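What follows is each chain in one-letter form.
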Amino acid sequence: VAGLGVLFPTVFILFNLITTSVFCKNVQGDIRKTIVIVCSLKTLPSAVMVIQKMQEIIPTLSGVALIPCMMFHIIQTLVISAFASNNKMSSRLV
(Lines give C-alpha, C1' and ligand atoms only; values in the text may rest on other atoms or scores of the structure.)
Protein backbone atom coordinates (compact mmCIF):
# COMPACT_ATOMS: atom_id res chain seq x y z
CA VAL A 1 0.00 0.00 0.00
CA ALA A 2 2.83 2.41 0.83
CA GLY A 3 4.44 1.60 -2.52
CA LEU A 4 1.28 2.66 -4.32
CA GLY A 5 1.32 5.89 -2.33
CA VAL A 6 4.74 6.66 -3.80
CA LEU A 7 4.06 5.20 -7.24
CA PHE A 8 0.82 7.13 -7.88
CA PRO A 9 2.29 10.67 -7.66
CA THR A 10 5.51 9.58 -9.37
CA VAL A 11 3.59 8.33 -12.39
CA PHE A 12 1.61 11.61 -12.48
CA ILE A 13 4.80 13.68 -12.40
CA LEU A 14 6.56 11.59 -15.06
CA PHE A 15 3.51 11.67 -17.34
CA ASN A 16 3.24 15.44 -16.94
CA LEU A 17 6.96 15.95 -17.55
CA ILE A 18 6.78 13.99 -20.79
CA THR A 19 3.54 15.64 -21.89
CA THR A 20 4.76 19.17 -21.25
CA SER A 21 8.08 18.50 -22.98
CA VAL A 22 6.19 17.35 -26.08
CA PHE A 23 3.29 19.83 -26.20
CA CYS A 24 4.69 22.91 -24.41
CA LYS A 25 7.96 23.51 -26.21
CA ASN A 26 7.35 27.27 -26.51
CA VAL A 27 6.46 27.73 -22.82
CA GLN A 28 9.05 29.24 -20.45
CA GLY A 29 10.76 26.92 -17.98
CA ASP A 30 9.15 28.34 -14.83
CA ILE A 31 5.66 28.15 -16.29
CA ARG A 32 6.30 24.59 -17.47
CA LYS A 33 7.44 23.58 -13.98
CA THR A 34 4.31 25.10 -12.49
CA ILE A 35 2.16 23.19 -14.98
CA VAL A 36 3.87 19.92 -14.07
CA ILE A 37 3.46 20.44 -10.34
CA VAL A 38 -0.16 21.63 -10.47
CA CYS A 39 -1.21 18.89 -12.88
CA SER A 40 0.41 16.27 -10.67
CA LEU A 41 -1.88 16.96 -7.72
CA LYS A 42 -3.82 13.89 -6.72
CA THR A 43 -5.85 15.04 -3.73
CA LEU A 44 -9.22 15.22 -5.43
CA PRO A 45 -9.12 11.71 -6.99
CA SER A 46 -7.96 10.29 -3.66
CA ALA A 47 -10.72 12.10 -1.78
CA VAL A 48 -13.36 10.90 -4.22
CA MET A 49 -12.19 7.29 -3.76
CA VAL A 50 -12.47 7.61 0.04
CA ILE A 51 -15.89 9.26 -0.20
CA GLN A 52 -17.06 6.52 -2.54
CA LYS A 53 -16.20 3.96 0.14
CA MET A 54 -17.96 6.13 2.72
CA GLN A 55 -21.10 5.98 0.61
CA GLU A 56 -21.45 2.30 1.48
CA ILE A 57 -21.55 3.17 5.20
CA ILE A 58 -23.38 6.52 5.23
CA PRO A 59 -25.16 7.04 1.88
CA THR A 60 -26.55 10.51 2.67
CA LEU A 61 -23.24 11.99 3.85
CA SER A 62 -21.19 11.35 0.72
CA GLY A 63 -22.53 14.28 -1.35
CA VAL A 64 -22.04 16.74 1.49
CA ALA A 65 -18.54 15.44 2.21
CA LEU A 66 -17.43 16.06 -1.36
CA ILE A 67 -17.92 19.85 -1.13
CA PRO A 68 -15.09 20.52 1.40
CA CYS A 69 -12.82 18.18 -0.54
CA MET A 70 -13.42 20.14 -3.73
CA MET A 71 -12.85 23.45 -1.95
CA PHE A 72 -9.60 22.19 -0.39
CA HIS A 73 -8.43 20.97 -3.80
CA ILE A 74 -9.05 24.39 -5.36
CA ILE A 75 -7.25 26.17 -2.51
CA GLN A 76 -4.37 23.69 -2.64
CA THR A 77 -4.04 24.20 -6.40
CA LEU A 78 -3.84 27.97 -5.99
CA VAL A 79 -1.31 27.80 -3.14
CA ILE A 80 0.93 25.25 -4.86
CA SER A 81 0.87 27.10 -8.18
CA ALA A 82 1.81 30.36 -6.45
CA PHE A 83 4.56 28.59 -4.51
CA ALA A 84 5.90 26.79 -7.59
CA SER A 85 6.02 29.93 -9.72
CA ASN A 86 7.78 31.98 -7.02
CA ASN A 87 10.08 29.39 -5.49
CA LYS A 88 13.70 29.24 -6.65
CA MET A 89 13.93 25.66 -5.38
CA SER A 90 11.44 24.52 -8.03
CA SER A 91 14.12 24.97 -10.69
CA ARG A 92 15.82 21.85 -9.33
CA LEU A 93 12.69 19.72 -9.86
CA VAL A 94 12.67 19.80 -13.65
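Per chain, the residues get numbers from 1 upward, laid out in the order the sequence is written. pLDDT decides what is reported in this predicted model: residues at 70 or higher carry local features, side-chain atom pairs at 80 or more are listed and counted, and totals for whole chains, interfaces and linings draw on all residues regardless. For side-chain calculations, the full set of non-hydrogen atoms in the structure is used, while hydrogens and water are omitted.

## Regarding the overall build of the protein chain
At step 1: Here a helix means four or more residues in a row that DSSP labels H or I, a strand means two or more in a row labelled E, and each is numbered from the N terminus. Of regular secondary structure, the protein chain possesses four helices and zero strands.
At step 2: Starting at the N terminus and ending at the C terminus, the protein chain contains elements arranged as α-α-α-α.
At step 3: Within the protein chain, contacts between residues at least 6 apart in sequence are counted, and of these 62% link residues at least 24 apart.
At step 4: Under the convention used here, a 1.4 Å probe and the Shrake-Rupley method define accessible areas, while residue burial counts only the protein chains that appear. Carbon and sulfur atoms make up 74% of the accessible area of the protein chain, which amounts to about 6,900 Å² in all. In this analysis, two residues are considered to be in contact whenever any of their non-hydrogen atoms come within 4.5 Å of each other.

## Describing the environment of Ala-82
At step 1: Position of Ala-82 among the secondary structure elements: in helix H4 (residues 62-86).
At step 2: Ala-82 sits 44 residues away from Val-38 along the chain, and the two C-alpha atoms are 9.8 Å apart.

## Some remarks on a nonpolar patch on the surface
At step 1: A patch consists of residues whose relative accessible area exceeds 30% and which take part in no salt bridge; residues with like charges are grouped when within 9 Å of each other, and nonpolar side chains (Val, Leu, Ile, Met, Phe, Trp, Tyr) when within 5 Å. A pair is scored as a salt bridge if a Lys or Arg side-chain nitrogen falls within 4 Å of a carboxyl oxygen belonging to Asp or Glu. On the surface, Ile-57, Ile-58, Leu-61 and Val-64 cluster together into a nonpolar patch covering about 380 Å² of accessible area.
At step 2: Tracing the sequence through the fold places Val-64 in helix H4.

## Details of the side chain of Asn-16
At step 1: Mapped onto the fold, Asn-16 is located in helix H1 (residues 2-23).
At step 2: Excluding residues within four positions of it along the chain, Asn-16 makes contact with Val-36, Cys-39 and Ser-40.

## Description of the confidence of the model for the protein chain
At step 1: pLDDT is defined as a per-residue confidence score from the predictor, taking values between 0 and 100. Chain-level pLDDT for the protein chain is 76 on average; 83% of the residues reach the 70-or-more range.
At step 2: Considering each helix and strand of the protein chain separately, the mean pLDDT is smallest for H4, with a value of 77, and largest for H1, with 80.

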